[in-house]
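Fold and geometry: a report
If you want the building blocks of each chain, they are given just below.
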Amino acid sequence: MTLGSEAKNHGQRGLVLIEDLSNGKERFAVPVLLSPRQKVDPAVFDYFRYSPRIVDAKKIIQTQHSPSGTGFDCSCQGTCLDEFGCDCSSRVYGKDGRVSNVSVLMKATVRECSSSCACDLWCGNRVAQKGPCYPVEIFARDAKCGWGVRSSVDIPEGAFVGEYTGELINDDEAALRKDNTFLFETVIGMETYTIDAKFYGNYTRFINHSCEPNVKVANVCWDACQDQLVHMCLFSVKEIETGEELTIDYGDAWWINKKFPCLCESSSCRYRP
Ligand SMILES: C[S@@+](CC[C@H](N)C(=O)[O-])C[C@H]1O[C@@H](n2cnc3c(N)ncnc32)[C@H](O)[C@@H]1O
């Protein structure tokens, strides 16, 4: 992590606290920007460890789920795409790697090709597994909401914008965690697990809630294993302009028992008294 001993000016966008929170682990730098007008506590960056992938410290995937035996593999030569009549295509991604109909994303798990498929790495059914390519920055939103994430470029609709990463833990351990702010449920096979991004994760754990979000979470699989880990993958559901904040809907289960109102400012806000 590059911590600026003196925050540097970053054009109009703010002062750079950290030049690249990912420390070279993403295709692009993930700067953290302070604002002279918005005081936000930077203490999180003292303990937060950046991980572009799920952290399986308890070896849940390795020991509890068979690494062999694929639930899904193809024998295609070259690329898999719906338009080539390929049966293994998830029928979600277009030729440009974007989702043409974002409403289908939330309906069923998207099965991308895996290492046990015969197709090439550039097959059209491998998108989220290759990692994000739209640069973002973490910025001081305001004292109440804390940090937020905004785009550094224009993002088209249907684009993959990142995977929610963090520590993979079982439900018993999740129940013991004191802070449930960063918990996100996932599944492996028939069992439910939790991803906790409080201490380990990537920029997606800084994405704030909106009742009218521009990003939605979809279930995506790409591991060559019968009981595949379902990755929580974020896709833009509308065009996002440079400088616009990325937001997701945390859902009713997250907002239950929260002692503060939603500050999303949407006219259709559901969590404001
Ligand atoms: C997953 S974190 C998002 C990153 C967070 N802003 C930070 O600085 O670490 C969720 C927390 O952000 C704040 N937050 C996010 N969206 C909000 C909203 N719409 N209204 C109020 N607070 C929000 C709340 O403090 C919430 O507990």
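Quantities reported herein were computed from a predicted structural model and do not represent experimental measurements.

Here H231 shows up in strand β15 (residues 231-236). If we skip the residues at most four places from it in the chain, H231 touches I54, E163, A218, N219, V220, C221, W222 and D223.

Relative to the helices and strands, W255 is located in helix α4 (residues 252-255). For the pair W255 and Y271, spaced 16 residues apart in the sequence, the C-alpha separation amounts to 7.4 Å. Residue contacts for W255: discarding those within four places in its chain leaves H209, Y250, F260, P261, C262 and Y271.

This brings us to the nonpolar core. L21, F45, I138, W147 and F206 are the most contacted members of the largest nonpolar core, which has 40 residues in total. Secondary-structure elements contributing two or more residues to this core are β2 (15-18), α1 (44-47), β6 (136-142), β7 (146-151), β11 (191-196), β14 (215-221) and β15. If you look at the next biggest cluster of nonpolar residues, it comprises 15 residues, including V92, V99, V220 and W222.

Close contacts around the ligand come from 18 residues, with C145, W147, N208, H209 and L263 the closest. Here a nitrogen atom of the ligand and a side-chain polar atom of N208 are 2.8 Å apart. L263 is positioned with one of its backbone polar atoms (N or O) 2.9 Å from a nitrogen atom of the ligand. Starting from 560 Å² of accessible surface for the ligand in isolation, the protein chains cover 87%.

Basis of the calculations
Counting of residues starts from 1 at the beginning of each chain's written sequence and follows it residue by residue. Totals for whole chains, interfaces and linings use all residues, but because this is a predicted model, local features are given only for residues with pLDDT of at least 70 and pairs of side-chain atoms are given and counted only at 80 or more. The basis for every side-chain value is the complete set of heavy atoms in the structure, and neither hydrogens nor water enter the calculation. Secondary structure elements follow DSSP: runs of H or I of four or more residues count as helices, runs of E of two or more count as strands, with numbering from the N terminus. Any pair of residues with heavy atoms lying within 4.5 Å of one another is described as a contacting pair. In this description, a nonpolar core means a group of buried Ala, Val, Leu, Ile, Met, Phe, Trp, Tyr and Cys residues linked to one another through side-chain atoms lying within 4.5 Å. The classification of residues rests on relative accessible area computed with a 1.4 Å probe and restricted to protein chains. Under 20% of the type maximum is buried, over 50% is exposed, and intermediate values are partly exposed. Note on terminology: near, applied to a residue and a molecule or strand, indicates that one of the residue's heavy atoms is within 4 Å of it. Throughout this description, a polar contact denotes any pair of N or O atoms lying within 3.5 Å of each other; where both atoms belong to protein, one of them has to be capable of donating a hydrogen while the other can accept it, and for residues adjacent in sequence the pair is counted only when both atoms sit in side chains. In these tables, accessible area is a Shrake-Rupley quantity obtained with a 1.4 Å probe, and a residue counts as shielded only by the protein chains included in the view.

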